[in-house]
Amino acid sequence: DEGVKMPSPSLNYVVGNGGITKGKITCLYGAESGGKSLLAQLIFIQLQKDNPDGICILFDTEYSFNPVWFEKLGGDLSRLVVRQSNDPLKIFDYIEGEMKEMMEQGAPIVGIGIDSIKNIRYPKDIKDKSTKMVMGGGGASYLGSALKGVIPVIREFNITTIFVQQVYEEMDEYKKMSNPYIVPDGRALKHACDYMLEVTRLDTKAGKIEQGKNIYGGDQQVGHKVRVKNRKNRVGAPFRVGEFSLSYTEGIINQHEEIFDLSTSLGVVTKPNMMTYEFKGQTFKGKDNFKEAIRNDPKLAAEIEAACMTVNDEAT
């Protein structure tokens with residue numbers, strides 16, 4: 001299947017097939033401020049680049065979409081429809097009804113996204129008083145039938161779909177070691193999605209991308225490193241892990257660092273000795289020299305990245 005090749009080599013490796021398979025459902029889940037919404041927008045932007053006439057629809061249930069930010073990242077606002085609502089009837093019923101009719105008439109919709117699933121106000125959440133509202137579980141009984149209605153539309157028209165989901169932290173210390181997060185709203189979301197990608201911010205000094213000074217004289221944080229774990233994959237190998245650098249204004253950056261880390265960890269690039277790196281007969285002395293070679297030679301970078309994508313599942 002044709003894939004959405006992202007600017008991140010390690011993300012493409014994590015999802016397999018050289019990129020996110022079009023027409024599938026990807027769930028980006030994790031703690032707040034990890035980069036889920038930004039990553040969802042970058043997927044939309046890549047879809048727009050791959051489909052010059054393509055339109056994406058974003059259901060902004062958090063009422064937080066920033067159009068200036070989207071444009072700064074390279075997105076085309078004229079081909080992005082933002083529907084701000086947390087009413088499930090205006091999301092799932094719209095997809096099954098009005099949106100499907102538009103596509104039957106030729107509307108070039110290539111991507112849809114919901115940011116976030118958790119913020120949808122389900123029927124069980126609506127009570128007489130706000131103090132009686134059900135916290136976190138309102139979608140458990142609703143999502144199953146709702147997703148059964150929209151999945152055929154997604155498949156029929158080959159729409160790449162992105163669900164963003166907030167999570168709860170696992171309180172059991174033993175369970176937390178294998179899975180630190182609980183994805184709310186029952187199992188329907190997990191069953192429906194083709195990819196379940198856990199998105200985590202690397203909250204360390206090395207995980208911060210800093211440039212310039214803030215008003216207090218310290219370093220200004222302009223981005224962070226993201227770790228993505230593939231917890232479910234219907235179209236490729238699951239349980240792969242990757243890391244990439246995310247700039248808040250530029251998107252995915254420092255791909256040469258990614259390619260270096262990915263290729264050396266997979267054995268695509270070998271080390272004949274402590275100081276030398278080798279790829280297909282080419283040798284590079286020292287880590288920094290090799291990284292600069294990758295940065296300055298797009299052909300070399302593309303060859304190494306392509307070799308990483310073809311590593312057998314058994315070897316990974």
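Calculation criteria
- Residues numbered from 1 in each chain as written.
- Predicted model: local features only at pLDDT ≥ 70, side-chain atom pairs only at ≥ 80, totals over all residues.
- Heavy atoms only, no water.
- 1 Å grid on protein atoms, 1.4 Å probe; cavity = no way out; pocket = protein on both sides within 12 Å on 5 of 7 lines; lining within 4 Å.
- Points joined across faces, edges and corners; volume = space filled by probe spheres on them.
- Helix = DSSP H or I, 4+ residues; strand = E, 2+ residues; numbered from the N terminus.
- Nonpolar A, V, L, I, M, F, W, Y, C, P; charged D, E, K, R; others polar.
- Phe/Tyr/Trp six-rings, centres within 6.5 Å; stacked < 30°, edge-to-face > 60°.
- Buried < 20%, exposed > 50% of the residue type's maximum accessible area, 1.4 Å probe, protein only.
- Lys NZ or Arg CZ within 6 Å of the ring centre and 35° of its normal.
- Expected span 1.5 Å × (residues − 1).
- Arc of directions from axis to C-beta.
- Contact = heavy atoms within 4.5 Å.
- Bend = angle between axes of the 7 residues up to and from the residue.
- Patch = residues over 30% accessible without salt bridge, like charges linked within 9 Å, V, L, I, M, F, W, Y side chains within 5 Å.
- Areas by Shrake-Rupley, 256 points an atom, 1.4 Å probe, with all protein chains shown as cover.
- Salt bridge = Lys/Arg side-chain N within 4 Å of Asp/Glu carboxyl O.
- Lys, Arg positive; Asp, Glu negative; His and termini not counted.
- Charge placed at Lys NZ, Arg CZ, Asp CG, Glu CD.

Trainee: I'm lost on empty space enclosed by the protein in this one. Help?
Mentor: Within the structure shown, the criterion is met by one cavity of 30 Å³ or more. When its volume is computed, the largest cavity comes out at roughly 40 Å³. S37, A40, Q41, F44, L58, G113, I114, D115, I162 and V164 are the residues that line the largest cavity. Secondary structure elements with two or more residues in the lining of the largest cavity: α2 (36-50), β6 (109-115) and β7 (160-166). Residues that form the lining of the largest cavity fall into these classes: six nonpolar, three polar and one charged.

Trainee: Before we go on, may I ask you to explain the packing of aromatic side chains in this structure?
Mentor: Given two aromatic rings, their pairing is described by the distance between the two centres and the angle made by the two planes. If you walk through the whole model with that rule in mind, you get eight aromatic pairs. A centroid spacing of 5.8 Å and a plane angle of 70 degrees characterise the contact between F260 and F290, whose relative ring orientation is edge-to-face. Remark: F290 occurs in helix α9 (residues 287-296) and F260 occurs in helix α8 (residues 255-266); sequence separation between them is 30 residues. The exposure classification of F260 matches that of F290, with both residues buried. Linked through ring pairs, F260, Y277, F284 and F290 together constitute an aromatic cluster. Above the face of the Y94 ring, R83 is positioned so that its terminal group lies 3.7 Å from the ring centre.

Trainee: How should helix α10 (residues 298-309) be read in this particular structure?
Mentor: Look at α10: 16 Å from first C-alpha to last across twelve residues, which is about the 16 Å you get at 1.5 Å a residue. Here α10 has its buried residues at L300, A301, I304, E305, A307 and C308. The buried residues of α10 occupy an angular sector of 160 degrees when the element is viewed end-on, so they sit on one face. Seen from the buried face of α10, the exposed residues on the opposite side, beyond 90 degrees, are P298 and K299. Structurally, α10 contributes buried residues whose contacts are with α1 (9-15), α8, β15 (276-279), β16 (282-285) and α9.

Trainee: Would you mind going over helix α5 (residues 143-156) with me for this structure?
Mentor: One turn of an α-helix holds 3.6 residues; hence residues three or four places apart share an orientation. The terminal C-alpha atoms of α5, which comprises 14 residues, lie 20 Å apart, in line with the 20 Å expected from a rise of 1.5 Å per residue. Of all the bends in α5, the greatest, near 25 degrees, is centred on V150, and the proline P152 appears no more than four residues after it. For α5, the full list of buried residues reads L143, A146, L147, G149, V150, V153 and I154. Residue N158 follows α5 closely and has a positive phi angle near 55 degrees.

Trainee: What exactly am I supposed to notice about a negative patch on the surface here?
Mentor: Taken together, E98, E101, E104 and E156 make up a surface patch of like negative charges. Looking at which element gives the most residues to the negative patch, the answer is helix α4 (residues 92-104), with three residues. Of note, E156 is situated in helix α5. Classification of E156 as exposed rests on a relative accessible area of 51%.

Trainee: Mind showing me how you'd approach the pattern of salt bridges here?
Mentor: Any two side chains of opposite charge can pair if their charged atoms end up close together. By the definition in use, this model includes ten salt bridges. Residue R231 pairs with E198 through a salt bridge whose shortest N-O separation is 3.1 Å. Placement of R231 in strand β12 (residues 219-233) and of E198 in strand β10 (residues 195-201) is noted, with a sequence separation of 33 residues between them. Here E198 falls in the buried class, since its relative accessible area comes to 2%. Close ionic contact of R227 with E243 constitutes a salt bridge, the shortest N to O distance being 2.6 Å.

So far we have only geometry, and geometry alone does not tell us how the molecule works.
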